[in-house]
Amino acid sequence: MTTTYYNSRLASVTLVAALASSSVLALAPSTALAVPPGGYGDLVEAVSPSVVFIEVTGQSTGSEKTSGLSQGMPEELRKQFEKMVPGDRDMTPRKGVGSGFIISDDGQIVTNHHVVDGADSVTVKLADGRSFEATVIGSDPMTDVALLQLETEETLPVVAFGESDTMRAGDEVVAVGNPFGLGGTVTSGIISAVSRDIHSGPYDDFIQTDAAINRGNSGGPLFNNDGEVIGVNTAIFSPDGGSVGIGFAVPSDLVQTVVADLQDDGMITRGWLGVQIRPMSEEVASVLGYDGPKGAVVEAVSEDSPANKGGLEKGDIIMSFNGKEIVELRDLTRAVADTAPDKSADVEILRKGEKITRQVTVGTLGQQDA
């Protein structure tokens, strides 16, 4: 199970990553426009054949129980949480459940990384009762997106992606999934917020929704009123594991980019700069004449890194990267990661009050790179 304390200030509120474990919770949705006359019956009838129920068997360990969103927790808080996780830390058999949706008629399926992470076998059940074995083409823990391939030559029903960046707070959305293994279940709500940062990683840009999400919804689609997928349900805030109307979905625009990369070779390639950064302080922002903090302050530069070779120094304030303005730290992390390795990028920095530009050749982010 992946249950994570998000922030000590939230006290009893728990951030639950809807893991692929039978003891784990589900996720959240987000987006759409005015309710169709007569309700969502036609929409649900059209999309339900493409929404699937995923069963996973594998081995779970103590580390798996605190994987997923817990990776972004402060070390001491993570240790405290691990002590609270029930069960021993030895290898134990596990069965997990989740949801997903078919994006190609030859059987490619999108779901969450945490649903299939560590799986020995993956079984996919369609709404019409058919069941297929699936293989994991690739998986990305940073965005919690995974791509599966069904072992079948049948032509399958598909759903299409919509544009998540057109969705607004207040737009209506529909979530379809398999909570508690009950089969296709529909809930509706609105988008509560967009571009939500829950401090789980550099790609935090979640759609927040109040549509009810529960255990087994992980990896399921969030639809707009045109029946297009505008999010993949991923996590909820909850004091007790149940839905309290605060859920999160990975935006479809990001999901499509990750899926396209995974379809190529099953791997995700991201850029790497090689710096440790922190936010600008209010005091520094005031001295520089800004309304508030902006940019990313360089705390350390890794030896032989692209940043080091490009002339960046401790104390530099990165204001833009490759033409993209840096307002929050995640802006820089994402801009660097989205830049192809070996490509040159202009980095605009403030150094001792002077604005200068340095050019760096972006490196390749490895599994252990920060």
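These numbers were taken from a predicted model, which means no experiment stands behind them.

Digging into unusual backbone geometry
Positive phi outside glycine occurs at Asp144, with the angle close to 60°. If you trace the backbone, Asp144 turns up in the loop between strand E7 (131–140) and strand E8 (145–150). The backbone phi angle of Ser195 is positive, close to 55°, even though this residue is not glycine. Note on Ser195: relative accessible area 37%, which makes it partly exposed.

Here we look at the confidence of the model for the protein
Averaged over every residue, the pLDDT of the protein is 80; the share at 70 or more is 77%. Of the regions scoring below 50 in pLDDT, residues 61–74 engages in 40 contacts with residues more than four places distant in sequence or in other chains.

A word on the pairing of E8
Counting buried residues in E8 gives six out of six residues, a clear majority hidden from the surface. Every second residue of E8 is oriented toward a common face, with Val145, Leu147 and Gln149 on one face and Ala146, Leu148 and Leu150 on the other, all of them buried. One ladder, built from four bridges, connects strand E5 (residues 108–111) with E8; its direction is antiparallel. What sits directly across from Thr111, in E8, is Ala146. Strand direction decides the pairing type here: E7 and E8, joined by six bridges, are antiparallel. Residue Ala134 lies in a different strand from E8, and its bridge partner there is Leu150. In textbook terms, the turn of a hairpin is the stretch between consecutive antiparallel strands, and for E7 and E8 this stretch comprises four residues, one of which, Asp144, has a positive phi near 60°.

Topic: helix H8 (residues 329–337)
One turn of an α-helix holds 3.6 residues; hence residues three or four places apart share an orientation. For H8, the full list of buried residues reads Arg330, Leu332, Arg334, Ala335, Val336 and Ala337. Tucked into the core, H8 has its buried residues touching strand E10 (185–196), strand E15 (271–272), strand E16 (275–279), strand E17 (296–301), strand E18 (317–321) and strand E19 (324–325).

Thoughts on the packing of aromatic side chains
Two descriptors summarise a pair of aromatic rings, namely the distance from one centre to the other and the angle between the planes of the rings. By the definition in use, this model includes two aromatic pairs. Consider the rings of Phe101 and Phe161, whose centres lie 5.9 Å apart with planes at 80°: the pair is edge-to-face. With Phe101 in strand E4 (residues 92–102) and Phe161 in the loop between E8 and strand E9 (172–177), the pair connects residues that are 60 residues apart, well separated along the chain. Positioned above the aromatic ring of Tyr290 is the side chain of Lys294, whose terminal nitrogen or guanidinium carbon lies 5.0 Å from the ring centre.

As for the pattern of salt bridges
According to the stated counting rule, one finds eleven salt bridges in the structure shown. One salt bridge in this structure joins Asp171 and Arg168, with 2.9 Å as the shortest N-O distance. One salt bridge connects Asp316 with Arg351, and the closest N-O pair in it is separated by 2.8 Å. With Asp316 in the loop between helix H7 (306–309) and E18 and Arg351 in strand E20 (residues 344–351), this residue pair connects regions lying 35 residues apart in the sequence. In terms of burial, Asp316 and Arg351 fall into one category: buried. Members of the salt-bridge network, linked through shared partners, are Asp128, Arg130 and Glu154.

Digging into the nonpolar core
Residues Phe101, Val110, Val145, Phe223, Val255 and Val259 are the most contacted members of the largest nonpolar core, which totals 29 residues. Where this core is concerned, the elements lending two or more residues are helix H1 (41–47), E8, E9, strand E13 (229–238), strand E14 (247–251) and helix H5 (252–265). Take this core: its biggest share by element is five residues, from H5. In this structure, Ala307, Leu332, Ala335 and Ile349 belong to the second largest nonpolar core, which totals 18 residues.

The rules behind these values
- Residues numbered from 1 in each chain as written.
- Predicted model: local features only at pLDDT ≥ 70, side-chain atom pairs only at ≥ 80, totals over all residues.
- Heavy atoms only, no water.
- Helix = DSSP H or I, 4+ residues; strand = E, 2+ residues; numbered from the N terminus.
- Buried < 20%, exposed > 50% of the residue type's maximum accessible area, 1.4 Å probe, protein only.
- pLDDT = per-residue confidence, 0-100.
- Contact = heavy atoms within 4.5 Å.
- Pairing = 2+ DSSP bridges.
- Phe/Tyr/Trp six-rings, centres within 6.5 Å; stacked < 30°, edge-to-face > 60°.
- Lys NZ or Arg CZ within 6 Å of the ring centre and 35° of its normal.
- Salt bridge = Lys/Arg side-chain N within 4 Å of Asp/Glu carboxyl O.
- Core = buried A, V, L, I, M, F, W, Y, C linked by side-chain atoms within 4.5 Å.

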